[in-house]
Amino acid sequence: MSEDNVSPSIFRRLFERVFPKMPDFFTMLTEQCQHVAHTTGLLVEYMETGESRTGDQIRQDEHEADRIKVRNLHTLNEAFSTPIDREDLYRAIIDLDEVVNYCKTTVSEMQVLQLAPDKHCLEMAMHIKLGTDALVAGFTRLAKTPVEAAVEADTARKAERRVEKCYRRAIAELFQGDDYIHMFKRREIYRHLSNAADRMANCANTLHDIVVKIC
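Parameters at a glance
Residues numbered from 1 in each chain as written. Predicted model: local features only at pLDDT ≥ 70, side-chain atom pairs only at ≥ 80, totals over all residues. Heavy atoms only, no water. Helix = DSSP H or I, 4+ residues; strand = E, 2+ residues; numbered from the N terminus. Rg over C-alpha atoms; globule rule 2.2 N^0.38 Å. Buried < 20%, exposed > 50% of the residue type's maximum accessible area, 1.4 Å probe, protein only. Contact = heavy atoms within 4.5 Å. Areas by Shrake-Rupley, 256 points an atom, 1.4 Å probe, with all protein chains shown as cover. Lys, Arg positive; Asp, Glu negative; His and termini not counted. Charge placed at Lys NZ, Arg CZ, Asp CG, Glu CD. Core = buried A, V, L, I, M, F, W, Y, C linked by side-chain atoms within 4.5 Å. Expected span 1.5 Å × (residues − 1). Polar contact = N/O pair within 3.5 Å; in protein donor to acceptor, adjacent residues only side chain to side chain. Salt bridge = Lys/Arg side-chain N within 4 Å of Asp/Glu carboxyl O.

S.K.: Would you mind going over the overall build of the chain in detail, with residue names and values included?
M.R.: Scanning the chain for helices and strands turns up seven helices and zero strands. Start at the N end of the chain and walk to the C end: the helices and strands fall as α-α-α-α-α-α-α. On C-alpha atoms alone, the chain measures out to a radius of gyration of 21 Å, which is more than a quarter above the 17 Å that the 2.2 N^0.38 rule sets for 215 residues. Each principal axis of the C-alpha distribution contributes one length, and for the chain these read about 90 × 35 × 25 Å. Burial analysis of the chain (215 residues in total) assigns 46% to the buried set. Taking contacts inside the chain between residues at least 6 apart in sequence as the whole, the part at least 24 apart equals 81%. Only carbon and sulfur atoms are counted for the fraction: they give 53% of the accessible area of the chain, which is about 11,300 Å². Here the chain holds 29 positive side-chain charges and 35 negative ones, and the gap between their average locations is 2 Å.

S.K.: How would you summarise the nonpolar core if you had to cite specific residues and measurements?
M.R.: Ranked by size, the top nonpolar core spans 61 residues in total, and within it Leu43, Met47, Leu135, Phe139, Leu142 and Tyr190 carry the most contacts. When contributions to this core are tallied by element, the ones reaching two or more residues are α2 (25-49), α3 (52-78), α4 (86-112), α5 (119-141), α6 (146-174) and α7 (180-214). If we ignore the near neighbours within four places in the chain, the residues touching methionine 47 are Thr106, Met110, Pro117, Cys121, Leu122, Ala125 and Leu193.

S.K.: So what's going on with α4? Which residues, and what values?
M.R.: Given a rise of 1.5 Å per residue, 27 residues ought to cover 39 Å, and the 39 Å separating the end C-alpha atoms of α4 matches this to within 8%. Two or three places before glutamate 87, at the start of α4, stands the capping residue aspartate 85, its side-chain oxygen 2.9 Å from that residue's backbone nitrogen. Just downstream of α4 lies glutamine 114, where phi reads positive at about 60°.

S.K.: Explain the pattern of salt bridges residue by residue, including any values.
M.R.: Per the counting criterion, the structure on display carries 17 salt bridges. Where aspartate 88 meets lysine 213, a salt bridge forms, and the shortest distance between an N and an O atom there is 2.8 Å. In this pair, aspartate 88 is assigned in helix α4 and lysine 213 in helix α7, connecting sequence segments 125 residues apart. In this structure, lysine 129 engages aspartate 133 in a salt bridge whose closest nitrogen and oxygen atoms are separated by 3.0 Å. Placement of both lysine 129 and aspartate 133 in helix α5 is noted, with a separation of four residues, approximately one turn of the helix.

S.K.: Mind laying out the environment of aspartate 133, listing which residues take part and the relevant values?
M.R.: Since its relative accessible area comes to 32%, aspartate 133 is described here as partly exposed. Taking C-alpha positions, aspartate 133 is 5.9 Å from alanine 37, a pair spaced 96 residues apart along the chain.

As structure tokens, then:
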């Protein structure tokens, strides 16, 4: 076959085999953030109602979050090149998944320990929801308007600080009583919510690091 008769598609397939198309990590992270924000919305609903049905939905969300995490990590491992530092991508994927894990752990342990939601749980859940909504906005804007993404990262960090303030108030109030078994049960729940906020702040820090590197 002469060179003139070689189909352009053959050259394209050879090029794509040597230089595979870069995955759209911006969209992948945005989708993962959206799933996290959905779970934290359910967490707020659970802290408002205490309904076991909502707790079941959170557990189902955690299974889907694991699937998304595995998919994103596999894509990262297989990618020939990335538009973002690989370590930053890895940190974002893992920490986003951990937020969902702590939502599930919070609800599961509340049910096992037979603890009803209280005002502190609701307040912390609401701030976590606001922070994850900011992360969705930030990762959505990262590809085209990274400076705006940095603003959203700062909003998420502020939400984490509000959770920590609420956590300290909750602990101070909790340990004024003398029902020590209840104290330690409730403290575990507060701590899970605090840990969820910590992971949210880690995601915000990673988002800010990405902005600094690509701007």
